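# An overview of the molecular structure
The lines below spell out each chain.
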Amino acid sequence: MFNRQDYVYQSSDPKGDEGFGKVFAIVICFVFFLGALQVGYETVSGWYQNFMEWGSEMLAFLAGFWPFW
């Protein structure tokens, strides 16, 4: 009865796509930076804890041989 055409308007915005890509890349780089920061913190924290444990064991070992401590 009604011969009406439905139109779909498709527009592409290359500048919008480029902006989204840049923002997405910045977010990904920030997440990688936070991951590297976490790995570095855990490494240094582990070294510190191991050194403190080693130091306390060494003091306990030396205290067994040197009674004037």
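Predicted, not measured: the structure shown is a model, and the values here were computed from it.

## Observations regarding the overall build of the protein chain
When you go through the protein chain residue by residue, the secondary structure sums to 1 helix and 0 strands. The buried share of the protein chain, taken over its 69 residues, is 0%. If you sum the accessible surface of the protein chain, you get close to 7200 Å²; carbon and sulfur atoms cover 68% of it.

## Some remarks on the packing of aromatic side chains
Taken as a whole and judged by the stated rule, the model has 2 aromatic pairs. Ring geometry for Phe-20 and Phe-24: centres 5.9 Å apart, planes at 15°, overall stacked. Linking Phe-20 with Phe-24, this pair stays in helix 1 (residues 14-65), spanning 4 residues, or about one helical turn. Note on Phe-20: relative accessible area 58%, which makes it exposed. We classify Phe-24 as partly exposed; its relative accessible area is 49%.

## Focus: a nonpolar patch on the surface
On the surface, Tyr-48, Phe-51, Met-52, Trp-54, Met-58, Phe-61, Phe-65 and Trp-66 cluster together into a nonpolar patch covering about 910 Å² of accessible area. Checked against the element boundaries, Met-52 lands in helix 1.

Calculation criteria
- Numbering of residues begins from 1 in every chain and follows the order in which that chain's sequence is written.
- In keeping with the predicted nature of the model, local features appear solely for residues at pLDDT of at least 70, side-chain atom pairs appear and are counted solely at 80 or more, and the whole-chain, interface and lining totals rest on all residues.
- To obtain the side-chain values, all non-hydrogen atoms of the structure were included, while hydrogens and water were left out.
- Only runs of H or I of at least four residues qualify as helices and only runs of E of at least two qualify as strands under DSSP, and these elements are numbered from the N terminus.
- Accessibility here uses a 1.4 Å probe with only protein chains present; expressed as a share of the type maximum, an area under 20% marks a residue as buried, one over 50% as exposed, and anything in between as partly exposed.
- Here the open area of atoms and residues is found with the Shrake-Rupley method and a 1.4 Å probe, where only the protein chains shown may cover a residue.
- Paired rings are identified among Phe, Tyr and Trp, the last through its six-membered ring, by centres lying within 6.5 Å, and are further divided according to the angle between planes into stacked (under 30 degrees), edge-to-face (over 60) and tilted (the rest).
- Patch construction takes residues with relative accessible area above 30% that form no salt bridge. Like charges are linked within 9 Å, and nonpolar side chains (Val, Leu, Ile, Met, Phe, Trp, Tyr) are linked within 5 Å.
- Here a salt bridge means any side-chain nitrogen of Lys or Arg lying within 4 Å of a carboxyl oxygen belonging to Asp or Glu.

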